[in-house]
Structures are given as structure tokens and as C-alpha cells.
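Working through the structure, step by step
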Amino acid sequence: MPNTFEKFNKNTLPFLREAGSQTENEWLEDHASEYDQHLSKPIVALVEKLKTDLSSSAPDYHFPSRNLARIKRMANRVTQGEPVNKDWVSVSASRPQISRFEHYPHLFFGILPDQPEWKGIFITGGLFMPTSAQMKKVRLGIAKDAKPFHRLFADANFKKRFPLGFSKRQTGVRTPLGFDADHPDIEWLKLKNFMAERQVSVAEFTSSAFFDNVAADFHQLLKLNRLLENILDTDS
């Protein structure tokens, strides 16, 4: 259980929104104590817990250790008159990138109060924005043998936290070229991301149980990641 001063609180989301509307660089410095209390310290405490709790099951995963709650935008990316701070923050962990353009499945936590497609607090895992080669490889793996994914999504522990299995957030309309439209898992083969997700309520987000919940979610999502990693690591 996190220290009372290290957990997220009712002011975290309002602080992020307010910070994200500021156009003066000095604002964040003037509100440093609020930044530490509402955002920085809770993020650091959460990541430290996740690193400890997943050290045995995910020793190959890299968890960030620097700039964990950075919201100040790079000066060269800010046009005069635009907000100088982000209104969101996230933490992502995965195995080291395959290449400059390809990456492995991730474990992700995001506080995204006003992002158009991801409005809220989310916990996700899986393969997000794969390259076309990765997408084809995962589709081929599922088409050949989807039983491991069916078993995982039917598992009581996984289903309790992620009852929908794969997220249908981004799905193609047509059957992918080279795949059978009558395949029993055709809806999975149409996916453009291979993820599971859970949106978190504000009440849970600010509760003393939240850090434990994120760790439990990550333990389940890691099982999905391992299935996807096995496919990606297999020679075509």
C-alpha cells in the first residue's frame, strides 16, 4: 500500500488539465510543490512498485527510471502562444526494441484526461502500432493456432481484469489480403493492434489499492505479451 503522500489524489487530473493549458514556462516552477504531490511522487512510487513486483516474471523488461512524470514540452516543439506543458503522462515497459521501427509488446499505464481517442485513465498491454511486417506475422500466428489466446482469454484471472480479450478499438473493415474470410477468428485477424485494455475510474485511481491493482493487471497482461512475443520471435 502506498504512502498517503505518494498515491494519486483528487487533484491529480485537475492539476494535469491546468498545467496543460499554461503558456508561460514559469508556471510549472511556481507550482513545483503541487507537481510533486499530485503527479511526480505518485508516478515514481508506482514505477518502483511495478519494477519490484514484476522483477521475477519480467526480468527482461525495461522500466523507465528518468523523467517519469515529465510534462514540460521540448522548447523546439512549442509554437509561441501554445501550451508549454502536456496534459497527460504515461509509463510504458517492454523488452528492448527490435529495431528503430519495430518494438515488442508493452505494458502501459496512462493518465490521459483529455486525449481524443484515449480520454481517461487506462491500463493496457499488447502490441500497439505494429509495423506492417509485425502485423502480418501476428495475423499468421493467430491464423495458424489461436488456441493459446483462447485459453488466456478464458482464464478466470485474466477474464476478471480484461473480460473483452483483444480490444476492438482499431479494426479493419475488409478481410486482410491472403487470409480466409471464413476463419473462425477472422475478427482477430482484422485487428490493427493486438491489445487488451482497461479503463480505470477516478475512484479506483485515487484509492489506496490502485498500485496493487496496476501490478495485478500487468501480471495478467504480461501473459498476453509473452504469447505475442513468441510469435514475433519465431522465424517466418
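This is a predicted model, so every value here is computed, not measured. (Residues numbered from 1 in each chain as written. Predicted model: local features only at pLDDT ≥ 70, side-chain atom pairs only at ≥ 80, totals over all residues. Heavy atoms only, no water.)

1. Description of the nonpolar core
Formally: Nonpolar cores are built from buried Ala, Val, Leu, Ile, Met, Phe, Trp, Tyr and Cys residues. Side-chain atoms within 4.5 Å join them into one set. In this scheme, a residue with accessible area under 20% of its type's maximum is buried, one over 50% is exposed, and one in between is partly exposed, where area comes from a 1.4 Å probe on protein chains only. A helix here means a DSSP run of H or I that spans at least four residues, while a strand means a run of E at least two residues long, and both kinds are numbered starting from the N terminus. Working rule for contacts: check all heavy atoms of both residues, and any pair within 4.5 Å makes them a contact.
In this structure, Ile-43, Phe-109, Ile-111 and Phe-149 are the most contacted members of the largest nonpolar core, which totals 62 residues. Broken down by element, the residue count for this core peaks at 12 residues, all from helix H9 (residues 210-233). Beyond its immediate stretch of four places on either side in the chain, Phe-149 contacts Ile-142, Phe-166, Trp-188, Leu-224, Leu-227, Leu-228 and Ile-231.

2. Comments concerning the packing of aromatic side chains
Where we set the bar: For Phe, Tyr and Trp, where Trp contributes only its six-membered ring, two rings pair if their centres lie within 6.5 Å, and the inter-plane angle classes them as stacked under 30 degrees, edge-to-face over 60, or tilted in between.
All chains considered together, the criterion is met by 18 aromatic pairs. Ring centres 6.1 Å apart and planes at 70° place the aromatic pair Phe-8 and Phe-211 in the edge-to-face group. Highlighted residues: Phe-8 in the segment before helix H1 (12-19) and Phe-211 in helix H9, separated in sequence by 203 residues. Residue Phe-8 is classed as buried on the basis of its relative accessible area of 1%. Where Trp-118 meets Phe-122, the ring centres are 5.1 Å apart and the plane angle is 85°; that geometry is what we call edge-to-face.

3. Examining the sheet that holds strand E1 (residues 89-94)
Under the convention used in this document: At least two DSSP bridges between two strands are required for those strands to pair. In this description, a line fitted to the C-alpha atoms serves as the axis of each element, helices being fitted only across the stretch in contact, and the angle between N-to-C directions of two axes falls anywhere from 0 to 180 degrees.
One open sheet holds the 4 strands; their spatial order is E1-E2-E3-E4, and the pairing between them is antiparallel. If you trace the sheet from one side to the other, it starts and ends with E1 and strand E4 (194-200), each paired once. Along the sheet, successive strands turn relative to each other by an average axial angle of 15°, direction set aside. By the bridge criterion, 7 bridges tie strand E2 (residues 106-112) to strand E3 (residues 120-127) in an arrangement that is antiparallel.

4. Quick notes on the pattern of salt bridges
Let me state the cut-off plainly: The working definition used for a salt bridge is a side-chain nitrogen of Lys or Arg within 4 Å of a carboxyl oxygen of Asp or Glu.
Overall, the coordinates contain 15 salt bridges when judged by the stated rule. Residue Arg-95 is joined to Asp-233 by a salt bridge in which the shortest nitrogen-to-oxygen separation is 3.0 Å. You can see Arg-95 sitting in the loop between E1 and E2 and its partner Asp-233 sitting in helix H9, a full 138 residues away along the chain. One salt bridge in this structure joins Arg-226 and Glu-229, with 2.9 Å as the shortest N-O distance. With Arg-226 and Glu-229 both in helix H9 and 3 residues apart, this pair spans about one turn of that helix. It is possible to trace a salt-bridge network through shared partners that takes in Asp-60, Arg-95, Arg-226, Glu-229 and Asp-233.

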